[in-house]
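Observations on the model geometry
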Amino acid sequence: MGFEVIARPKGGNVDKMAEKVFYESIKLLGGLRRLIEFRNLTWLPSLAEAAYVVVLKNETLKTYGEIARELGITEQTAKNIVTADEEEVIKYLEGELEERPKDHIAGGIAKMAYRRLKEEGKLDTEEIEIRQEEMNVLDIDWAVHVLAKVRGLDFPASREELVERLGGMIIKGRKIEDILEMIEYPVKSPAELLHKIKLQL
Amino acid sequence: MYRYYELKELESRAPKLFGIPTGTKLDDMFFKIEKEGDRYVKKPLGGIPHLAVINLTGVPDTGKSLLAEQFAITQANAGYKVLYVTVESPANFLYTAMKQRSEAMGVDFSKVESNIVVIDASESDELRENPKALMETMAYAIKEKKVTNTVIDSITGLYEHKEVMARQIVRQFYNFMKRYRQTGVFVSQKRSAQASETAEAAGGLAVAHIVDGTIVLDKKLIESRWDVKLYGLPIGSVLRTIRIDGCRIAPHDPRTWVFEISEIGTIEITVPLDEFIRKSAEEQ
């Protein structure tokens, strides 16, 4: 017998949270594809760094010095990220400002992304991972394959586009071509596509 | 979206006023006023107010941790679950101390040990340095173990090298205690520059201003002829005092009381200081 002793932290994951802020930042910029148009590849490491700084500052209450040591950056950089003016950064990205503002651009974006996730309560929600076995049991593995094949396709989509992407698939013993024959077009979104396929099964 | 309440709406959610025993005379020092017939009667709460967060502060070796442990043991022995967050002393030392104290208090240690859950932040940098990680761990323990009382010994240890953040950190833990409906005790240390009898703790007045009430423990070294005459104690001895400095939840005895720490580390609050001095004058 003895006390129950909890010696290790439970819950909360800085890496996961920083990843979420990073992806949300990319979304804010218009997606990964749009990022190429900016022709400024130095942004990605900078965004990753800013995502970590913003999470560490807001979620773990670490000092600038501690954050700088943990990430191997200077204290001043950490400070610039946390104090970046989001409004100015947005104006600059939207072309409203002629000159680049002094604010840390990636910092401004990461701060905005962090705030958005926080407001939506998405920052520290646990992600659920479904494995193949569970997908089989739930009979949804076909949905995952359909989503994988239509990734990057512009919606609304026509029958020809869908046949081109999904051709050859067999869902519950039925050819996808036959199923696609039965549904109405255009299909507005991936979710609608799954719904329409499901109704035919 | 901000909400506002009509005062009446809050009635059903307002906590009932009753005491959570500490196993010391402090239990008689918080009270409530009740109307009986035409008159108002003062009734002891029997403990610190339910759902209050009480700050125990004092210079080193005044008995803060002993009092916090005595509270935890009293509650655990009564069958209530206690979460003990140890920031200074490793869990195994805490175990030995509590075992001895339980024996001294005449309580069943097997009951105590099964009702106390310890988070050992003393040996985990992440728990000590990252308030969010600590609060998530506390939330886990509170939900899993159905904890109703929480002790943090010491809250100062969570911001000792970043005192500028004391207010922010204490506020977060205070709000946490409210959210999880805990009756709590925060132990906080004083810096040597702070007057020993005040409610001020390391990090400035942050702790005392945020929490619901503060209890100040103090010690006076008898070091002059004047002290010997006033207190009736031999030179070199120590006089310990305890005082409820303020409590926003329930009225309390405002006097300074004398207490003793027994050889086995239990706290015995004896008489008010003014009475102690008067008696010693009579005896002389």
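See the structure shown above.
Keep in mind that what you see is a predicted model, and the values were worked out from it rather than measured.

Cut-offs used in this document
- Residues numbered from 1 in each chain as written.
- Chains lettered and ligands numbered in written order.
- Predicted model: local features only at pLDDT ≥ 70, side-chain atom pairs only at ≥ 80, totals over all residues.
- Heavy atoms only, no water.
- Buried < 20%, exposed > 50% of the residue type's maximum accessible area, 1.4 Å probe, protein only.
- Helix = DSSP H or I, 4+ residues; strand = E, 2+ residues; numbered from the N terminus.
- Pairing = 2+ DSSP bridges.
- Patch = residues over 30% accessible without salt bridge, like charges linked within 9 Å, V, L, I, M, F, W, Y side chains within 5 Å.
- Areas by Shrake-Rupley, 256 points an atom, 1.4 Å probe, with all protein chains shown as cover.
- Salt bridge = Lys/Arg side-chain N within 4 Å of Asp/Glu carboxyl O.
- Lys, Arg positive; Asp, Glu negative; His and termini not counted.
- Charge placed at Lys NZ, Arg CZ, Asp CG, Glu CD.
- Core = buried A, V, L, I, M, F, W, Y, C linked by side-chain atoms within 4.5 Å.
- Contact = heavy atoms within 4.5 Å.
- Phe/Tyr/Trp six-rings, centres within 6.5 Å; stacked < 30°, edge-to-face > 60°.
- Lys NZ or Arg CZ within 6 Å of the ring centre and 35° of its normal.

Another aspect to go through is the pairing of strand β6 (residues 82-86) of chain B. Residue and element names in this part refer to chain B. Counting buried positions along β6 yields 5 of 5 residues, so the element is predominantly enclosed. Neither face of β6 is exposed, since Val82, Tyr84 and Thr86 on one face and Leu83 and Val85 on the opposite face are all buried. Two elements, β6 and strand β7 (residues 116-120), share 5 bridges in a ladder whose sense is parallel. By the bridge assignment, Leu83 is partnered in β7 with Val117. Note: β6 against strand β8 (residues 149-153), 5 bridges, orientation parallel. When the sheet's bridge partners are listed, Leu83 is paired in β8 with Thr150.

Moving on: a negative patch on the surface. Together, Asp154, Glu160, Glu161 and Glu164 of chain A make up a region of like negative charge exposed at the surface. Along the chain, the position of Glu160 of chain A falls in helix α10 (residues 159-166).

Moving on: the nonpolar core. Residues and elements named next belong to chain B. Residues Tyr84, Met98, Ile116, Ile215 and Ile242 are the most contacted members of the largest nonpolar core, which totals 40 residues. Sorting elements by how many residues they give to this core places helix α1 (residues 64-77) first, with 7 residues. Look past the residues within four positions of Ile215 in its chain and what remains in contact with it is Leu26, Phe30, Ile54, Asn55, Leu56, Thr57, Ile242, Arg243, Ile244 and Asp245. Within the second largest apolar cluster, 33 residues are counted, among which are Met135, Ala141, Val170 and Phe173.

Working definition: an aromatic ring pair is given by the centre-to-centre distance plus the angle between the planes. Scanning all chains against the criterion turns up 3 aromatic pairs over all chains. Summarising the aromatic geometry, the rings of Phe22 of chain A and Tyr23 of chain A are spaced 5.6 Å apart at their centres and angled 65° between planes, so their arrangement reads as edge-to-face. We note Lys57 of chain A situated over the ring of Tyr64 of chain A; from NZ or CZ to the ring centre the distance is 4.2 Å. Over the ring of Phe31 of chain B we find Lys42 of chain B; its NZ or CZ atom is 4.4 Å from the centre of that ring.

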